[in-house]
Amino acid sequence: MAELKIDAVVFDVLGTLVDEPAGLRAGLRALAPPSGTPSPGAGGLGAGGAPGTVGAAGRAGKADGAESAGPGTERLLLLWQRHIEREQRRVLDGDRPYLPSDLLDREAAGVVAEAAGVEDPAAAEALARSARRLPPWPDTVAGLARIGGGFPLIGLSNASRTALLQLNAHAGLRWHQALSAEDARTYKPDPAVYRLAVTGSGAPPERLLMVAAHAWDLRGAQALGLRTAYVARPVGDPPTAADRFDLHARDLTDLAEQLGLS
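These numbers were taken from a predicted model, which means no experiment stands behind them. Counting starts from 1 at the beginning of each chain's written sequence and moves along it residue by residue. Reporting in this predicted model follows two pLDDT cut-offs: at least 70 for local features of residues, and 80 or more for side-chain atom pairs to be given and counted; totals over whole chains, interfaces and linings ignore these cut-offs and use all residues. Derived side-chain values reflect all non-hydrogen atoms in the structure, with water molecules and hydrogen atoms excluded from consideration.

Secondary structure assignment for the protein chain yields 10 helices and 6 strands. Looking at the protein chain as a whole, 56% of its 262 residues are labelled buried. Of the contacts formed within the protein chain by residues at least 6 apart in sequence, a portion of 66% connects residues at least 24 apart. For the protein chain, the accessible surface area stands at approximately 10700 Å², while carbon and sulfur atoms represent 53% of it. Where helices and strands are cited, they refer to DSSP runs of H or I of at least four residues and of E of at least two residues respectively, numbered from the N terminus. Each residue is placed in one exposure class: buried if its accessible area under a 1.4 Å probe, protein chains only, is under 20% of its type's maximum, exposed if it is over 50%, and partly exposed if it falls in between. Contacts are assigned to residue pairs that have any heavy atoms within 4.5 Å of one another. Every accessible area reported is derived by Shrake-Rupley at a probe size of 1.4 Å, with residue values counting cover from the shown protein chains alone.

This part covers the packing of helix 4 (residues 101-116) against helix 5 (residues 121-130). Lines fitted to the C-alpha atoms define the axes, with helices restricted to the stretch that makes contact. Angles between their N-to-C directions range from 0 to 180 degrees. In the contact formed by helix 4 and helix 5, the axes pass within 8 Å of each other and the chain directions differ by 130 degrees. Of the possible angle classes, the one that applies to helix 4 and helix 5 is oblique. As helix 4 packs across helix 5, the resulting crossing turns out to be right-handed. Where helix 4 abuts helix 5, its residues Asp 105, Arg 106, Ala 109, Val 112 and Ala 113 lie against Ala 124, Glu 125, Leu 127 and Ala 128. Of the residues contributing to the contact of helix 4 with helix 5, the split by class is 6 nonpolar, no polar and 3 charged. The labels follow the angle: roughly parallel below 35 degrees, roughly antiparallel above 145, roughly perpendicular from 65 to 115, and oblique for the rest. Each crossing gets its hand from how the near helix is turned against the far one by less than a right angle, where anticlockwise is left-handed and clockwise is right-handed. Just so you know the grouping, Ala, Val, Leu, Ile, Met, Phe, Trp, Tyr, Cys and Pro go in nonpolar, Asp, Glu, Lys and Arg go in charged, and all remaining residues, Gly too, go in polar.

Moving on to the pattern of salt bridges. Just to be clear on terms, a salt bridge is a Lys or Arg side-chain nitrogen sitting within 4 Å of an Asp or Glu carboxyl oxygen. A full pass over the atoms with the stated rule returns 17 salt bridges. The residue Asp 12 makes a salt bridge to Lys 188 at a minimum N-O spacing of 2.8 Å. Pair noted here: Asp 12 is in the loop between strand 1 (8-11) and helix 1 (20-31) and Lys 188 is in the loop between strand 3 (177-180) and helix 8 (191-201), with a separation of 176 residues, a long-range link. Residue classification places Asp 12 among the buried residues on the basis of a relative accessible area of 5%. For Lys 188, a relative accessible area of 0% gives the class buried. In this structure, Arg 129 and Glu 125 form a salt bridge, with 4.0 Å as the shortest nitrogen-oxygen distance. Of the two residues, Arg 129 and Glu 125 are both situated in helix 5; the distance of 4 residues between them amounts to about one turn of the helix. Residue Glu 125 is classed as partly exposed on the basis of its relative accessible area, which comes to 26%.

This is the structure we're talking about:
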């Protein structure tokens, strides 16, 4: 630990601090999809995952609440996740102009509502808003408070400014600074998003610790020179044998202890 000298801790939000699939499942249950909903076609990944990678969506059914959600809900959740993943990838590849995450959520909600046979626009809009009402993991709020007692905290999310404000309020997330990928008009893992944290903190990249439950996210930060900490979550994207992150933590309590915070 002596060699890890940092000035601020940067946190991913979706999947790392909040349980995105759980919040979406709640919205899908409210949508009341009929039984026998057709299964979406093959592709993509999902919640909190990097565009074009195999990550959270492939394991979304393993998160808490998946067993009671029902097969129709799980198929619609996967359809949502695949739409978001595909469209973020298109933005990164330059195949469509940047669109903030809340507008992508509306697109996904429309796709899911159509697949579920729901024609009420108000129901689709309510589903889109569920992407901003995501529950925190049990250790999130206390863990942020503990780590924030020793370091400035920066939230760095692919969520739009509007969505991030509502996510923070709903989940009780408290930051010293919250940054949205909307300010870079792209999505992680584009380096421009991580540069927001470097610029906002005024610290060199090697003095920032990026914390995420997604290995793809940490690789993107690492490429810009940030230090990295992987936190295990049920819906995350775990490291491979080739990954070399500075810290590996079971949860935020474990991370705080590794950072020397009592």
